[in-house]
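# Inside the fold
Each chain, written out:
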Amino acid sequence: MTTIGLIRHGSTVWNQQGKLQGQLDTELADEGREQARRLGVRLRGEAWSGILASDLKRARETAEIISRESGIPLLGTDARLRERSFGDAEGTTLAERLERWGDDWRKKAQATGGEDDAAVWSRWLDFLTDLTAEAPAKRVLVVSHGGFIVQVLRGWKLEREDFLRNASLTIVQRKAEQWQVELYNCLTHLQEV
């Protein structure tokens with residue numbers, strides 16, 4: 001049985017400013033580093049095979065911190081786990097996108113180099129095929145991006161809401177040829193003690 005823990009990277013300055021990052025390579029804010037540290041502490045002692053991450057800085061650094069704090073080995077990065085491309089909309093705020101393209105900005109951004117849902121889903125399936133071919137009963141953490149993870153869950157018809165919080169943990173498990181959500185958008189590690 002394959003179990004995947006999907007983790008959205010920690011908060012960045014651009015998250016705090018409401019800017020769309022897409023595949024632009026932004027770094028974690030101090031808050032994001034603390035979120036990753038707390039998630040790593042939470043995961044101590046849990047039986048995970050390892051951590052794989054998007055190669056973008058914010059996801060890679062989140063994975064490094066989680067690995068350091070939890071003792072779960074960092075297995076590397078994979079460009080297939082990157083956030084979806086939003087084309088010319090990357091680096092803009094919602095107000096700027098609405099002013100430039102209107103309410104339909106997502107579709108118009110795809111026309112300027114952005115990825116559609118099918119392209120994101122295809123990247124995920126390619127990654128998943130490689131992951132499960134190596135060890136079908138693996139338990140692995142995947143550090144990626146909100147838009148990417150939502151599209152993965154949507155492809156499996158498992159999403160419950162569009163917005164995944166920074167440093168959230170969602171666990172999915174393959175049972176009887178179907179993927180099921182075991183935990184969704186969990187942030188208990190960020191709650192004050």
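Residues numbered from 1 in each chain as written. Predicted model: local features only at pLDDT ≥ 70, side-chain atom pairs only at ≥ 80, totals over all residues. Heavy atoms only, no water.

### Digging into the pattern of salt bridges
Overall, the coordinates contain 14 salt bridges when judged by the stated rule. Ionic pairing is found between Arg-37 and Glu-34, a salt bridge with its closest N-O pair at 2.8 Å. Here the residue Arg-37 and the residue Glu-34 both occupy positions in helix α2 (residues 30-43), the gap between them amounting to three residues, near one helical turn. Assessed through its relative accessible area of 31%, Glu-34 is described here as partly exposed. Between Arg-123 and Glu-115 there is a salt bridge, with the nearest N and O atoms lying 2.8 Å from each other. Residue class for Arg-123 comes out buried when judged on its relative accessible area of 16%. Exposure remark for Glu-115: the relative accessible area of 16% places this residue in the buried category. (Salt bridge = Lys/Arg side-chain N within 4 Å of Asp/Glu carboxyl O. Helix = DSSP H or I, 4+ residues; strand = E, 2+ residues; numbered from the N terminus. Buried < 20%, exposed > 50% of the residue type's maximum accessible area, 1.4 Å probe, protein only.)

### Here's the deal with the packing of aromatic side chains
Using the criterion set out here, one finds six aromatic pairs in the structure. Taking 6.3 Å as the distance between ring centres and 90° as the angle between the ring planes, the aromatic pair formed by Trp-121 and Trp-156 counts as edge-to-face. Pair noted here: Trp-121 is in helix α6 (residues 117-134) and Trp-156 is in the loop between α7 (146-155) and β5 (169-175), with a separation of 35 residues, a long-range link. Relative accessible area serves as the criterion here: at 15%, Trp-156 is assigned to the buried category. Where Trp-156 meets Trp-179, the ring centres are 4.5 Å apart and the plane angle is 20°; that geometry is what we call stacked. Highlighted residues: Trp-156 in the loop between α7 and β5 and Trp-179 in strand β6 (residues 178-186), separated in sequence by 23 residues. For the pair Trp-156 and Trp-179, one class covers both residues: buried. Of the aromatic side chains, those joined through ring pairs into one cluster are Trp-121, Trp-124, Phe-127, Phe-148, Trp-156 and Trp-179. One Lys or Arg, Arg-139, reaches over the ring of Trp-48 and ends 4.1 Å from the middle of that ring. (Phe/Tyr/Trp six-rings, centres within 6.5 Å; stacked < 30°, edge-to-face > 60°. Lys NZ or Arg CZ within 6 Å of the ring centre and 35° of its normal.)

### Brief notes about the UniProt feature "active site" (unreviewed entry) in the chain
Here, UniProt's "active site" (unreviewed entry) annotation points to His-9 and Glu-83. In terms of the greatest pairwise C-alpha distance, the residues named above, spread along 75 residues, form a tight cluster of at most 10.5 Å across. Locating His-9 in the fold gives a position in the loop between β1 (3-8) and α1 (13-17). When neighbours within four sequence positions are excluded, His-9 is seen to be in contact with Asn-15, Gln-21, Arg-58, Ala-59, Thr-62, Val-143, Ser-144, His-145, Asn-166 and Ala-167. With respect to the helices, strands and loops of the structure, Glu-83 is situated in the loop between β3 (74-77) and α4 (94-101). Residue Glu-83 is classed as buried on the basis of its relative accessible area, which comes to 8%. Setting aside anything within four residues of it in sequence, one finds Glu-83 in contact with Gly-22, Gln-23, Leu-56, Arg-58, Glu-115, Arg-123, His-145, Gly-146, Gly-147 and Phe-148. A polar contact is formed between the side chain of Glu-83 and the backbone nitrogen of Gly-147, at a distance of 3.0 Å. (UniProt positions renumbered as here; feature names shortened; annotations may be inferred. Contact = heavy atoms within 4.5 Å. Polar contact = N/O pair within 3.5 Å; in protein donor to acceptor, adjacent residues only side chain to side chain.)

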